[in-house]
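Examining the three-dimensional arrangement
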Amino acid sequence: MNFGAHHEWGRLREAVVGISPAEDFVVFHEESARWMTPEVADFSRRNTGRRLIDIDPEWARSCERQVDAFAERLTREGVIVHRPDRLAGLERTFLAPNGEGLQLFPRDPLIVVGNHVIDASLRLICRQRERYGLRAMVRRMVQERGARWSTVPLGSPNCVDGPFLEGGDTLLNGYEIYVGMSGCASDLAGADWLQDLLGSPYRVIPVAMKSNVLHLDCALALVRPGLLIYCPEKLIDGLPTSLRDWDKIPVSIEEATRLATNGLILEEGRMMADADNVRVIAELRARGMDVIPLPFDGPIRLGGGLRCAHHPLLRESVLA
């Protein structure tokens, strides 16, 4: 295997990590962004179309510094790191009022399952163009690694009629694929599309969430076989059946908002986590996990953590 992923764990060999040039980020707001905290939602409404560096330069620069430090640390851990191409010209303005420039979270516009690499269909109109910064890398994976390239049909720009399918909603557990459903991102049409693509013996399992949860990885993390982190208050019907007898680290809504469920697994038993989630890090270490704390509060204020800021291209694990 020289491309792909089967689980959330296993040795991470290769990944794409987002970019956040401070001068690029333009504040955006769309009505489907119910997941924003009241503070961030108010900030976004008031400043839509303005460059973040002109409003809060320290926040803009901290996002750039922290994601670059994240990429550098992954490289030191032996992971081959790719970065998106910076958008320019029509790619930067396509479906993006005011030239919104987010390329920080490649988890969402890309989905890797097995040897499939999938262009996602995102509910936020302004994020549809993120795929263009990943296109050259995807082509290389197809031409050189034998990846199978597919594209989810784009949902309607009314943000209601799908299919919608986003990488942040998609968690891998071998032949079981969990897809979050909150109305903020993925929908049942997207989950059905993924099931049709993967076929048997895969099972794509929708996971119902409260209507203000952006993605499943804001409520659930599969840390290693038999261990998970989750926020019970964000899941409507509880955990998928196969996960209910796992060892669980529950987190509060406040901790989940700080994206305590949104880390990066380096290998089974070893991971990176946002440094501010002190209690959860202690719980993980008490269970034998080697946890590397990283400052990531800048991107987290924008709604994405360490899992959002990367997407595995090659993770070593075996399908049972």
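This text goes with the structure placed above it.
A brief structural summary. It should be emphasised that the depicted structure is a prediction, and the values quoted were computed from it without experimental measurement. (Residues numbered from 1 in each chain as written. Predicted model: local features only at pLDDT ≥ 70, side-chain atom pairs only at ≥ 80, totals over all residues. Heavy atoms only, no water.)

**Quick word on the overall build of the chain**
How we decide: The way it works is that DSSP assigns letters per residue, a run of H or I at least four long becomes a helix, a run of E at least two long becomes a strand, and they are numbered from the N terminus. A radius of gyration in this sense is built from C-alpha atoms; the matching globule rule multiplies 2.2 Å by the number of residues raised to 0.38. Relative accessibility decides the category of a residue: with a 1.4 Å probe and only protein chains considered, values under 20% of the type maximum give buried, values over 50% give exposed, and everything between is partly exposed. Areas reported here follow the Shrake-Rupley algorithm with a probe of radius 1.4 Å; residue values treat only the protein chains shown as occluding. Positive charges come from Lys and Arg, negative ones from Asp and Glu, while His and the chain ends are left out of the count. The atom standing in for a charge is NZ when the residue is Lys, CZ when it is Arg, CG when it is Asp and CD when it is Glu.
A tally of helices and strands in the chain yields nine helices and 15 strands. Computed over C-alpha atoms, the radius of gyration of the chain comes to 18 Å, within 12% of the 20 Å expected from 2.2 N^0.38 for 320 residues, which places it in the range of a compact globule. Viewed in the frame of its principal axes, the chain has a C-alpha envelope of about 50 × 40 × 40 Å. When the 320 residues of the chain are sorted by exposure, 61% land in the buried category. Summed over its atoms, the accessible surface of the chain is roughly 12,500 Å², and 51% of this surface lies on carbon and sulfur atoms. If the 38 positive side-chain charges of the chain are averaged to one point and the 44 negative ones to another, these points end up 2 Å apart.

**Describing helix H6 (residues 188–198)**
Defined as follows: Here, the arc refers to the directions that run from the helix axis to the C-beta atoms. Residues are treated as being in contact if the distance between any of their heavy atoms lies within 4.5 Å.
Residues of H6 that are buried include every one of Gly190, Ala191, Trp193, Leu194 and Leu198, and no others. Buried residues along H6 cover an arc of 155° about the axis, so they all sit on one side. H6 presents Leu188 and Asp196 as exposed residues on the side facing more than 90 degrees away from its buried surface. Tucked into the core, H6 has its buried residues touching strand S3 (110–113), strand S4 (116–119), strand S5 (148–151), strand S6 (170–173), strand S7 (176–181) and strand S8 (203–208). Gly199, located one to two residues past H6, shows a positive phi value of around 70°.

**Considerations on the sheet that holds strand S9 (residues 220–224)**
Cut-off, in case you're wondering: Each pair of strands is called paired provided DSSP finds at least two bridges between the two strands. Axes, fitted as lines to C-alpha atoms, cover a helix only where it is in contact. Angles between the N-to-C directions of the axes lie from 0 to 180 degrees.
Taken in spatial order, the three strands of this open sheet run S9-S10-S11, and their pairing is mixed. For this open sheet the edge positions go to S9 and strand S11 (247–250), each flanked by a neighbour on one side alone. Direction aside, the axes of adjacent strands within the sheet are offset by 20° on average. As judged from the four bridges shared by strand S10 (residues 227–230) and S11, these two strands associate in the parallel manner. Among the inter-strand pairings, Ile229 is bridged to a residue of S11, identified as Ile249.

**Some remarks on the nonpolar core**
Cut-off, in case you're wondering: As used here, the term nonpolar core means buried Ala, Val, Leu, Ile, Met, Phe, Trp, Tyr and Cys residues forming a set that is joined through side-chain atoms within 4.5 Å.
Grouped together as the largest cluster of nonpolar side chains are 77 residues, with contacts concentrated most on Phe70, Leu74, Leu220, Leu222, Met272 and Leu284. No other element matches the seven residues that helix H3 (residues 57–76) contributes to this core. With 29 residues, the next largest nonpolar core counts Leu134, Met137, Val152 and Ile177 among its residues.

**Things to note about the sheet that holds strand S13 (residues 270–274)**
Reading across from one edge, S12-S13-S14 is the order of the three strands in this open sheet, with mixed pairing throughout. Bordering the open sheet on either side are strand S12 (264–267) and strand S14 (290–294), each of which pairs with just one other strand. Averaged over all pairs of adjacent strands, the angle between strand axes in this sheet comes to 25°, irrespective of strand direction. When S12 meets S13, the two strands line up antiparallel, connected through three bridges. Counted as the bridge partner of Leu264 is Met272 from S13. The strands touched by H3 within the sheet are S12, S13 and S14, with S13 carrying the most contacts at an inclination of about 170°. Contacts from helix H8 (residues 278–286) reach S13 and S14, with the element oriented near 160° to S14.

**What to know about unusual backbone geometry**
With the exception of glycine, most residues fall at negative phi, and the peptide bonds are largely trans. Here the residue pair Gly162 and Pro163 is connected by a cis peptide bond, since its omega of 15° sits within 30 degrees of zero. Mapping Pro163 onto the fold places it in the loop between S5 and S6. Of the consecutive residues Ser200 and Pro201, the connecting peptide bond is found in the cis state with omega at 10°. Take Pro201: it is sitting in the loop between H6 and S8. For Leu259, which is not a glycine, the phi torsion comes out positive at approximately 65°. As for its position among the elements, Leu259 is in the loop between helix H7 (253–257) and S12.

**A look at the packing of aromatic side chains**
The test is simple: We call Phe, Tyr and Trp rings a pair once their centres come within 6.5 Å, taking the six-membered ring for Trp, and we label the pair stacked below 30 degrees between planes, edge-to-face above 60, and tilted otherwise.
Evaluation of the coordinates by the stated rule reveals four aromatic pairs. Taking 6.1 Å as the distance between ring centres and 50° as the angle between the ring planes, the aromatic pair formed by Trp9 and Trp246 counts as tilted. Separated by 237 residues along the polypeptide, Trp9 in the segment before strand S1 (11–17) and Trp246 in the loop between S10 and S11 bring together distant segments of the chain.

**Quick look at the pattern of salt bridges**
How we decide: Throughout this description, the term salt bridge denotes a Lys or Arg side-chain nitrogen within 4 Å of a carboxyl oxygen of Asp or Glu.
According to the stated counting rule, one finds 23 salt bridges in the structure shown. Here Arg83 and Asp68 are joined by a salt bridge, their closest N and O atoms 3.0 Å apart. In this pair, Arg83 is assigned in the loop between strand S2 (80–82) and helix H4 (90–93) and Asp68 in helix H3, connecting sequence segments 15 residues apart. Between Glu176 and Arg203 there is a salt bridge whose closest N-O contact spans 3.0 Å. One end of the pair, Glu176, is in strand S7; the other, Arg203, is in strand S8, and 27 residues separate them in sequence. Given the relative accessible area of 13%, Glu176 is considered buried. Of the residues examined, Arg203 reaches a relative accessible area of 47% and is grouped as partly exposed. What you see here is one network of salt bridges that share partners, running through Asp247, Glu255, Arg279, Glu283 and Arg287.

This is a description of form; function is not addressed.
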